[in-house]
Amino acid sequence: MKDKKIETQAIRHQIETTHAKEHASPLFLTSSFTYESAEEMRAAFAGELDRNIYSRFSNPNFDEFITKLCLMEGAEAGYAFATGMSAVFSTFAALTQSGDHIISSRSIFGSTHSVFTKVFPKWNIQTTYVDLNETETWEQAIQGNSKLLYIETPTNPGIDLIDLAWAADFAKKHGLIFIVDNCFATPYLQQPMAFGADLVIHSATKFIDGQGRVLGGATVGHKNLIDEIYAFSRSTGPALSPFNAWILSKSLETLAVRMDRHSENALKISEHLSSNPKIAWVKYPFLPSHPQYEIAKKQMKAGGGVFAFGIKGDATQGQHFLDAIEMCSLTANLGDTRTIVSHPYSTTHAKLSEEEKEKVGISPELIRVSVGLEHVDDIVSDLEKALKSI
Ligand SMILES: *Cc1c(COP(=O)(O)O)cnc(C)c1O
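Conventions used here
- Residues numbered from 1 in each chain as written.
- Predicted model: local features only at pLDDT ≥ 70, side-chain atom pairs only at ≥ 80, totals over all residues.
- Heavy atoms only, no water.
- Helix = DSSP H or I, 4+ residues; strand = E, 2+ residues; numbered from the N terminus.
- Rg over C-alpha atoms; globule rule 2.2 N^0.38 Å.
- Buried < 20%, exposed > 50% of the residue type's maximum accessible area, 1.4 Å probe, protein only.
- Contact = heavy atoms within 4.5 Å.
- Near = heavy atom within 4 Å.
- Polar contact = N/O pair within 3.5 Å; in protein donor to acceptor, adjacent residues only side chain to side chain.
- Areas by Shrake-Rupley, 256 points an atom, 1.4 Å probe, with all protein chains shown as cover.
- Nonpolar A, V, L, I, M, F, W, Y, C, P; charged D, E, K, R; others polar.
- Pairing = 2+ DSSP bridges.
- Axes fitted to C-alpha atoms, helices over the stretch in contact; angles between N-to-C directions.
- Domains from an automatic or database assignment.
- Buried area = accessible area lost by both parts, 1.4 Å probe.
- Salt bridge = Lys/Arg side-chain N within 4 Å of Asp/Glu carboxyl O.

Undergrad: It is not clear to me how the overall build of the chain should be interpreted in this structure. Could you clarify?
TA: The secondary structure content of the chain amounts to 15 helices and 11 strands. In summary, the chain has a C-alpha radius of gyration of 21 Å against a globular reference of 21 Å for 390 residues, a match within 12%. Overall, the C-alpha framework of the chain stretches about 75 × 55 × 35 Å when taken along its three principal axes. Sorting the 390 residues of the chain into buried and exposed places 55% on the buried side. Residue pairs in contact within the chain that sit at least 24 positions apart in sequence constitute 72% of those at least 6 positions apart.

Here it is, written out as structure tokens:
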């Protein structure tokens, strides 16, 4: 499958069918797997046979999903997790020990921020945040014990971009393991491994499922690092369930067409809103007005399904706008078939201090839109009506 295109890999990589010769992949709802003899069981446990043992370690549906994602990301190996956060936590916990130091771009997912600032310090693992593409702050953050570099691009909810090739060079120069959260772009729009990432993390809950049904996560990348993550996770138990793996593997089959449409809709809507008098600014990677438009063109196939904009007026306007929305959903998720509008300042990022919010650009006027697959005219009309009413 390595020689096939990403759309084909997503559809045609499949585990073996059962005696029924079903066309779609079978679902293996089983906790464990059986053996013909004591010797066979010994060999399976010793790792001498390529066999499943227990669904906390592996399962055919888990294998189908993660192998497919590895093909699509151009990665050697991977492990699938119950949630995006278990992927983030387990990856860092597996690769660090007390006294290690993490360097992370400042604008990251809220729960990842909590793990870095509240959980890891308990084990004396400290994190220093660096600002977008400001070379000096990155250089200044380096310590003798720095081990990992972590970034998200595009960032949530600011829709800023980080130059992947530049960050990979920086990591290489300082001997850091380079990890990218590729949740917003998905492997269809951006493949961080091709730019020099060592590991790629996903919340599969978002665009990979794409239909707001299940939670899931994954880490893929170089085999030597995945081996450590596997050893940690096999014992600690954050594995993706077979049922969710089955759903997510099916979801990957439609990822390319969904991402094309999400991106097409998001570009049209962000262009449209750019001229709305109630709006101060619009940020979308594939709008030429985006300050990092050149970086977007270099590392992404299209702009993805999420954009942000700033409403003119005082701090209450964002919430008034949300109240005036009729069709789009007010919910915490993103990457759904349904368009989702959120006000990060008062919800997902409310726990950040005022200073942190300001540093990552989460202002009271910021609205984040995860553009769905409804007809673009209906989404535009819903947003414009709400804007008109405030
Ligand atoms: C949602 C999200 C996560 C966490 O994933 P869950 O599946 O909710 O645990 C991590 N990173 C990013 C960028 C996300 O959007």
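Undergrad: I'm lost on the site of the ligand in this one. Help?
TA: Close to the ligand lie T83, G84, M85, F109, E152, D181, C183, F184, S203, T205, K206 and G216. A distance of 2.8 Å separates an oxygen atom of the ligand from a polar backbone atom of M85. Between the ligand and the protein, one listed contact pairs an oxygen atom with a side-chain N or O atom of K206 at 2.7 Å. Notes on the ligand: free accessible area 370 Å², of which the protein chains cover 92%. Residue composition of the shell around the ligand, grouped by class: four nonpolar, five polar and three charged.

Undergrad: Explanation requested: the sheet that holds strand β10 (residues 340-342) in the structure shown.
TA: To summarise the sheet geometry, strands pair through backbone hydrogen bonds and adopt either a parallel or an antiparallel arrangement. The antiparallel open sheet is built from four strands, whose spatial order is β8-β9-β11-β10. Because the sheet does not close on itself, it has two edges, and the strands there are β8 (279-283) and β10. Strand-to-strand twist of the sheet, defined as the mean angle between neighbouring strand axes without regard to direction, takes the value 20°. Two strands pair when backbone bridges link them, and strand β9 (residues 306-311) and strand β11 (residues 366-370) are joined in this way by five bridges, in the antiparallel orientation. Paired with G310 across the two strands is L366, which belongs to β11. Contacts between helix α11 (residues 255-274) and the sheet are confined to β8 and β9, with β9 contributing the most and set at about 15° to the helix. Packing of helix α13 (residues 317-324) onto the sheet brings it into contact with β9, β10 and β11, and relative to β9 it is tilted by some 120°.

Undergrad: Got a minute to help me understand the domain arrangement of the chain in this structure?
TA: As assigned here, the chain comprises domain 1 (6-252) and domain 2 (256-388). Placing the centre of domain 1 and that of domain 2 at their C-alpha centroids yields a distance of 27 Å. The partner domain 2 presents 38 residues to the 35 residues of domain 1 that form the contact. When the area that domain 1 buries against domain 2 is broken down by residue, the three leading residues are Y188, L189 and F207, summing to 23%. For the pair domain 1 and domain 2, the number of links is three salt bridges. With a shortest N-O distance of 2.4 Å, D160 and K283 are connected by a salt bridge. If you list the elements that add at least two residues to the side of domain 1 that touches domain 2, you get α5 (110-119), α7 (164-173) and α8 (186-189).

Undergrad: What's the story with the pairing of strand β6 (residues 199-203) in this structure? I'm lost.
TA: For a regular strand, the rule is simple: side chains alternate between the two faces of the sheet. When you tally the buried positions in β6, you get five out of five residues, the bulk of the element. By the alternation rule, side chains of β6 split into L199, I201 and S203 and V200 and H202, which are all buried. Two strands pair when backbone bridges link them, and strand β5 (residues 177-181) and β6 are joined in this way by three bridges, in the parallel orientation. In the sheet register, D181 faces β6, and the bridge partner there is I201.

Undergrad: Help me understand the pattern of salt bridges in this model?
TA: For side chains bearing opposite charge, pairing can occur when the charged atoms are close. Inspection of every chain in the model, using the stated rule, returns 15 salt bridges. Between R106 and D131 there is a salt bridge, with the nearest N and O atoms lying 2.7 Å from each other. Pair noted here: R106 is in the loop between β2 (101-105) and α5 and D131 is in the loop between β3 (126-130) and α6 (135-141), with a separation of 25 residues, a long-range link. Its salt-bridge partner being E356, residue R106 comes within 3.8 Å of it at the nearest N-O pair. Of this pair, R106 sits in the loop between β2 and α5 while E356 sits in helix α14 (residues 354-359), and the two are 250 residues apart along the sequence. Connected via shared salt-bridge partners are E39, R42 and E48.

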